[in-house]
Amino acid sequence: MLMHGANQKANKFASIFGIFLHSCRTPQRVVNALQRMGLCVTQTTIHSAINSLSASTSEKLLALGESGCIAIAYDNFDVDLKISVPVVEKSGDSLRHLTSGLMFVLQHGVKTEDLRCSDYLWQRSEYNPLNIGMQMQKKTYYDLLDLLREDKDMDCSMEAEVLSDDDDDEDSCKKFNTWVFLRDLVKHVDGFEDLRDQLEEPEEIEKIPIAKTEIYPAYAMDVNNSTVNGNIQAIELLMAQ
């Protein structure tokens, strides 16, 4: 309040608090009273801030969708739209089934070129509208075996290298199983508690680095995704955002 009184532009707390009150569906009379006390901004400022945040989020979602390096998730949530003064005309069910969506930015250096197989699969998918009525060539289990079959002309050096890699993998599995056994022994068996500090962490093999995942919320959708049609509508609305 002291900062806002000295400088009208120093209203960071008041702006955040006003948006919080809006999200809690605080009555307008309460917001007006808090605004006169200098604790939050006016209703007009709150609505302007929300519109600005919505426009910024829409631009960000559009840019992420064009990049293609995202993952989309959605889930249902229920909202009880309570009526302050119940009347006969509004005595129906106030529970609404809605759908929320999130966009995750793919981490660990994933690029658009890494996902080019998606276009290849979609072009040959039987669910592609362009392929309706066309005779699609389907792969079988035997085609997979052909991909995994080793080359008969592999020279001895390459074969020895493959066998060496297999031995390393087997040795790593044995080491990890041994560590799990020792961990369970000192953790769950009486009499081995004193050895817990001597047990070191297992050896790292192809460790995936920890990365902070950026999450962007999408607009809530008036869709009940408990049905097949609801899931289709949710995906279409997410793609449209």
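Residues numbered from 1 in each chain as written. Predicted model: local features only at pLDDT ≥ 70, side-chain atom pairs only at ≥ 80, totals over all residues. Heavy atoms only, no water.

**Q** Before we move on, can you summarise the overall build of the chain with the specific residues and values?
**A** When helices and strands are counted, the chain shows 8 helices and 3 strands. Starting at the N terminus, the α and β elements of the chain follow one another as α-α-α-α-β-β-α-α-α-β-α. Taken over 241 residues, the chain has a buried fraction of 13%. Of all intrachain contacts in the chain linking residues separated by at least 6 positions in sequence, the fraction that spans at least 24 positions is 59%. When the accessible area of the chain is evaluated, it comes to approximately 19900 Å², of which 57% is carbon and sulfur surface. (Helix = DSSP H or I, 4+ residues; strand = E, 2+ residues; numbered from the N terminus. Buried < 20%, exposed > 50% of the residue type's maximum accessible area, 1.4 Å probe, protein only. Contact = heavy atoms within 4.5 Å. Areas by Shrake-Rupley, 256 points an atom, 1.4 Å probe, with all protein chains shown as cover.)

**Q** Give a description of the packing of helix 2 (residues 12-23) against helix 4 (residues 43-67) that names residues and reports values.
**A** Between helix 2 and helix 4, whose axes approach to 9 Å, the crossing angle comes to 85°. Relative to helix 4, the element helix 2 is oriented roughly perpendicular. On the side of helix 2, the interface is formed by G18, I19 and H22, while helix 4 contributes I46, H47, A49, I50 and L53. For the contact of helix 2 with helix 4, a count of residues per class yields 5 nonpolar, 3 polar and no charged. (Axes fitted to C-alpha atoms, helices over the stretch in contact; angles between N-to-C directions. Parallel < 35°, antiparallel > 145°, perpendicular 65-115°, else oblique. Nonpolar A, V, L, I, M, F, W, Y, C, P; charged D, E, K, R; others polar.)

**Q** Now, about the pairing of strand 2 (residues 95-105): what can you tell me, with residues and values included?
**A** Strand direction decides the pairing type here: strand 1 (residues 70-80) and strand 2, joined by 11 bridges, are antiparallel. For I70, the partnering residue across the bridge sits in strand 2 and is V105. Relative to strand 3 (residues 215-217), strand 2 runs antiparallel, the two being bridged by 3 bridges. Its bridge partner being in strand 3, L102 is matched across the sheet by P217. (Pairing = 2+ DSSP bridges.)

**Q** So what's going on with the environment of M221? Residues and values would help.
**A** One can find M221 in the loop between strand 3 and helix 8 (228-240). With 13 residues separating them in the primary sequence, M221 and A234 have C-alpha atoms 7.2 Å apart. Not counting residues within four places of it along the chain, the set of residues in contact with M221 comprises L98, T99, S100, G101, A234, L237, L238 and Q241.

**Q** Tell me what's going on with the layout of surface pockets, and back it up with residues and numbers.
**A** Estimated volume of the largest pocket: approximately 370 Å³. Along its surface, the largest pocket is lined by I19, I50, L53, S54, T57, F77, V79, L98, P217, A218, Y219 and A220. Where the lining of the largest pocket is concerned, the elements lending two or more residues are helix 4 and strand 1. By residue number, the principal contributor to the lining of the largest pocket is helix 4, which donates 4 residues. Residues belonging to the lining of the largest pocket are distributed by class as follows: 10 nonpolar, 2 polar and no charged. The two domains that each donate at least three residues to the lining of the largest pocket are domain 1 (8-68) and domain 2 (69-82 + 93-108 + 211-240). Every residue lining the second largest pocket is listed: Y120, L121, R124, E126, M136, Q137, K138 and K139. Each residue belonging to the lining of the second largest pocket can be placed in one class, and the counts come to 3 nonpolar, 1 polar and 4 charged. (1 Å grid on protein atoms, 1.4 Å probe; cavity = no way out; pocket = protein on both sides within 12 Å on 5 of 7 lines; lining within 4 Å. Points joined across faces, edges and corners; volume = space filled by probe spheres on them. Domains from an automatic or database assignment.)

**Q** I'd like a rundown of the sheet that holds strand 2, residues and numbers included.
**A** What the 3 strands build is an open sheet, ordered 1-2-3; its pairing is antiparallel. A strand with exactly one partner marks an edge of an open sheet, and here the two such strands are strand 1 and strand 3. Recorded for the sheet is a direction-independent mean angle of 25° between the axes of neighbouring strands. Contacting strand 1, strand 2 and strand 3, helix 4 crosses the sheet at an angle of about 125° to strand 3.

**Q** Quick one: what's the story with the confidence of the model for the chain, residue by residue and with numbers?
**A** Looking at the chain as a whole, the pLDDT averages 77, with 81% of positions reaching at least 70. Ranking the elements of the chain by mean pLDDT puts helix 1 (residues 2-6) last, at 52, and helix 3 (residues 28-36) first, at 86. Between residues 151-156, whose pLDDT stays under 50, and residues either more than four places distant or in other chains, the model counts 1 contact. (pLDDT = per-residue confidence, 0-100.)

**Q** Got a sec to walk through the pattern of salt bridges? Specific residues and values, please.
**A** Taken as a whole and judged by the stated rule, the model has 2 salt bridges. Between R96 and D222 there is a salt bridge, with its nearest N and O atoms 2.8 Å apart. A residue pair is termed long-range when its members are at least 10 positions apart, and R96 in strand 2 and D222 in the loop between strand 3 and helix 8 qualify at 126 residues. Classification of R96 as partly exposed rests on a relative accessible area of 34%. The class of D222 is exposed, set by a relative accessible area of 54%. A salt bridge links D184 to R183, with the shortest nitrogen-to-oxygen separation between them at 3.2 Å. (Salt bridge = Lys/Arg side-chain N within 4 Å of Asp/Glu carboxyl O.)

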